[in-house]
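Close look at the chain arrangement
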Amino acid sequence: MRIRPLRHWERHRLAAYYLALPIPDRRRRFCGGVSEGFILDYARRLDWGRASVFAAFEGDAIVGVVELVRPPGHWIVEAEIAISVAPGFRRQGVGAALMRVALAHARNRFLAAAYVVTAADNRPMQALAARFGAAFKSSFGEIEGRISLAWPGYDSLVNEAAAEGVALLSTAYEAAGMTEAPQA
């Protein structure tokens, strides 16, 4: 499995991933029932200037997605995280890996906190957020988990740059039909 950022020109891949999810999983991801039209419109209208989207891949297939979305405003110090993992890939560490990437990305952009908003019955998402130190509060049938973030350090910046470089090279090798990196 590899994780890499999705870019705005790949919005069709994001939509295809969400459309392939079973209806109950769509409800969990969007905190309510959504139609195919809603998902297509969501992917089309997503503000990629405020959203960072990462996908977990198994081969060429997306098996999980995390979105880190900053609300509008000039001095925003926190962002919402939304994670979805395809049914056949749950309980294999995909969600935790996606959460780690999103939190590191948020930290390296000087955000003080990230939060998840989930339906009260979405226990797996609550358990995942709790593993990363979320403090929870309940409001109108939804649960919000807030995760405080440390300021970025040299190590966090270098680790993120290295991970993005590896993902970029892996994608390029795959696109060229190569199974291994060329040897020097």
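Residues numbered from 1 in each chain as written. Predicted model: local features only at pLDDT ≥ 70, side-chain atom pairs only at ≥ 80, totals over all residues. Heavy atoms only, no water.

1. Details of the overall build of the protein
Here is the rule: Runs of H or I in DSSP of at least four residues are treated as helices and runs of E of at least two as strands, each being numbered from the N terminus. In this setup the radius of gyration rests on C-alpha atoms only. A globule is expected at 2.2 Å times the number of residues raised to 0.38. When accessible area is computed with a 1.4 Å probe and restricted to protein chains, residues below 20% of their type maximum are described as buried, those above 50% as exposed, and intermediate ones as partly exposed. For this analysis, residues touch if any pair of their heavy atoms sits within 4.5 Å. For accessible areas, the Shrake-Rupley method is used with a probe of radius 1.4 Å. Any residue's cover is judged against the shown protein chains and nothing else. Only four residue types enter the charge count: Lys and Arg as positive, Asp and Glu as negative, with His and the chain ends excluded. The location of each charge is read from NZ of Lys, CZ of Arg, CG of Asp or CD of Glu.
Of regular secondary structure, the protein possesses six helices and seven strands. Compactness check: the protein gives a C-alpha radius of gyration of 17 Å against a globular reference of 16 Å for 184 residues, within 12% of the reference. Seen along its three principal axes, the alpha-carbon backbone of the protein occupies a region of about 60 × 40 × 35 Å. Relative to its 184 residues, the protein shows a buried fraction of 42%. Restricting to contacts in the protein with at least 6 residues of sequence separation, those with at least 24 account for 61%. A total accessible area of about 10,300 Å² is found for the protein, and carbon and sulfur atoms account for 59% of it. Each charge class in the protein was averaged separately, 22 positive and 18 negative side chains, and the resulting centres sit 3 Å apart.

2. A short note on helix H4 (residues 94–107)
Quick note on the threshold: In this scheme, a helix's expected span is set at 1.5 Å multiplied by one less than its residue total.
Given a rise of 1.5 Å per residue, 14 residues ought to cover 20 Å, and the 20 Å separating the end C-alpha atoms of H4 matches this to within 8%. By the criterion of burial, H4 is predominantly enclosed, with ten of the 14 residues buried. Three or more residues of H4 are buried, namely Val94, Gly95, Ala96, Ala97, Leu98, Met99, Ala102, Leu103, His105 and Ala106.

Taken by themselves, the reported measurements are silent on function.
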